[in-house]
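Breakdown of the fold
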Amino acid sequence: EDQVTQSPEALRLQEGESSSLNCSYTVSGLRGLFWYRQDPGKGPEFLFTLYSAGEEKEKERLKATLTKKESFLHITAPKPEDSATYLCAVLGHSGGSNYKLTFGKGTLLTVNP
Amino acid sequence: GAVVSQHPSWVICKSGTSVKIECRSLDFQATTMFWYRQFPKQSLMLMATSNEGSKATYEQGVEKDKFLINHASLTLSTLTVTSAHPEDSSFYICSARELAGGWYEQFFGPGTRLTVL
């Protein structure tokens, strides 16, 4: 069974204080590792998909990296508007004809001004 | 990223009534659509998977007669909560998957807050 563990559960940063969020995973036949951002009362907003170890993607202050066992979401010089829950999910072949996303529990990021 | 819309964004209904939620992929054709449920401070729980023109596949523990899913086209899926009860109150989120260049991308709608009185 596919498993995703995110750490830390919650992270408080000062504005401008860079840090990283971790996503460890085990999956049968990885077809993609996804990062989403979710604000309270809203659906997850797509950030990145990584498909193979060594791949990196960037978007504004965010950079996602992938190894065979984990992914990191690096946040450089965060701003208060980066405060949200960040979700990591893996797309694997858990059996059956459909690939399914398996989500971690998320990291709640709070950036203080 | 691609856009997925949901309607309505919130709905309040009386116990025993049925509620329909629409999900559309606006600028792409979705190979597969999904319905999730999310409880406060918890992660997303997959309810069912549907492919256009096929019967939905429900996750274990999800009542298929209560949560009716219709996937009429490559851009539209609907979830009908039949004979809703207060315990069905939740945040329902749809998702649409696109297959592009041999790789999958999956996008989520903004969610529908259902409150059953």
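Nothing here was measured: the structure is a model prediction, and the numbers come from that model. Counting restarts for each chain: residues are numbered from 1 in the order of the written sequence. Each chain takes a letter, starting from A, and each ligand takes a number, starting from 1, following the order in which they are written. Side-chain atom pairs in this predicted model are given and counted only at pLDDT of 80 or more, local residue features only at pLDDT of at least 70, and totals for whole chains, interfaces and linings cover all residues. The side-chain numbers reported here are obtained from all heavy atoms of the structure, hydrogens and water having been left aside.

Quick notes on the interface of chain A and chain B
Cut-off, in case you're wondering: Contact criterion: two residues are considered in contact whenever any of their non-hydrogen atoms come within 4.5 Å of each other. Here the quantity called buried area is the total loss of accessible area, with a 1.4 Å probe, experienced by two parts when brought into contact, counted for both. Throughout this description, the term salt bridge denotes a Lys or Arg side-chain nitrogen within 4 Å of a carboxyl oxygen of Asp or Glu. The definition of a polar contact used here is a pair of N or O atoms within 3.5 Å, where within protein one atom must be able to donate a hydrogen and the other to accept one, and adjacent residues in sequence count solely through side-chain atom pairs. Labels follow the DSSP assignment, with helices taken as runs of H or I lasting at least four residues and strands as runs of E lasting at least two, numbered in each case from the N terminus. Note on residue categories: nonpolar means Ala, Val, Leu, Ile, Met, Phe, Trp, Tyr, Cys or Pro, charged means Asp, Glu, Lys or Arg, and polar means any other residue, Gly included.
Between chain A and chain B, the contact holds 20 residues from the first and 23 residues from the second. Around 1,800 Å² of area is buried between chain A and chain B when both sides are counted, 55% of it from carbon and sulfur atoms. Taken together, chain A and chain B are joined by 1 salt bridge. Here Glu59 of chain B makes a salt bridge to Lys100 of chain A, at a shortest N to O gap of 2.9 Å. For the pair chain A and chain B, the interface holds 9 residue pairs in polar contact (both at pLDDT 80 or more). Every element with two or more residues in the side of chain A that touches chain B is listed here: strand S4 (32–38), strand S5 (45–50), strand S9 (84–92) and strand S10 (100–103) of chain A. Considered class by class, the residues forming the side of chain A that touches chain B number 10 nonpolar, 6 polar and 4 charged.

Focus on the pairing of strand S7 (residues 62–66) of chain A
Residues and elements named next belong to chain A. Filter applied, for reference: Note on classification: 1.4 Å probe, protein chains only; a residue is buried when its accessible area is under 20% of the maximum for its type, exposed when over 50%, partly exposed between these limits. For two strands to be treated as a pair, DSSP must find at least two bridges joining them.
Across the 5 residues that make up S7, a large majority, 4, are buried. Summarising the sheet, strand S6 (residues 56–59) and S7 pair through 4 bridges and their orientation is antiparallel. Residue pairing across strands places Glu56 opposite Thr65, the latter belonging to S7. Connecting the antiparallel pair S6 and S7 is a turn made up of 2 residues, with Glu60 showing a positive phi of about 55 degrees. Sheet analysis places S7 next to strand S8 (residues 70–75), joined by 5 bridges and oriented antiparallel. Bridge assignment links Leu66 to a residue of S8, and that residue is Ser71. Counting the residues between successive antiparallel strands, the hairpin from S7 to S8 contains 3 residues.

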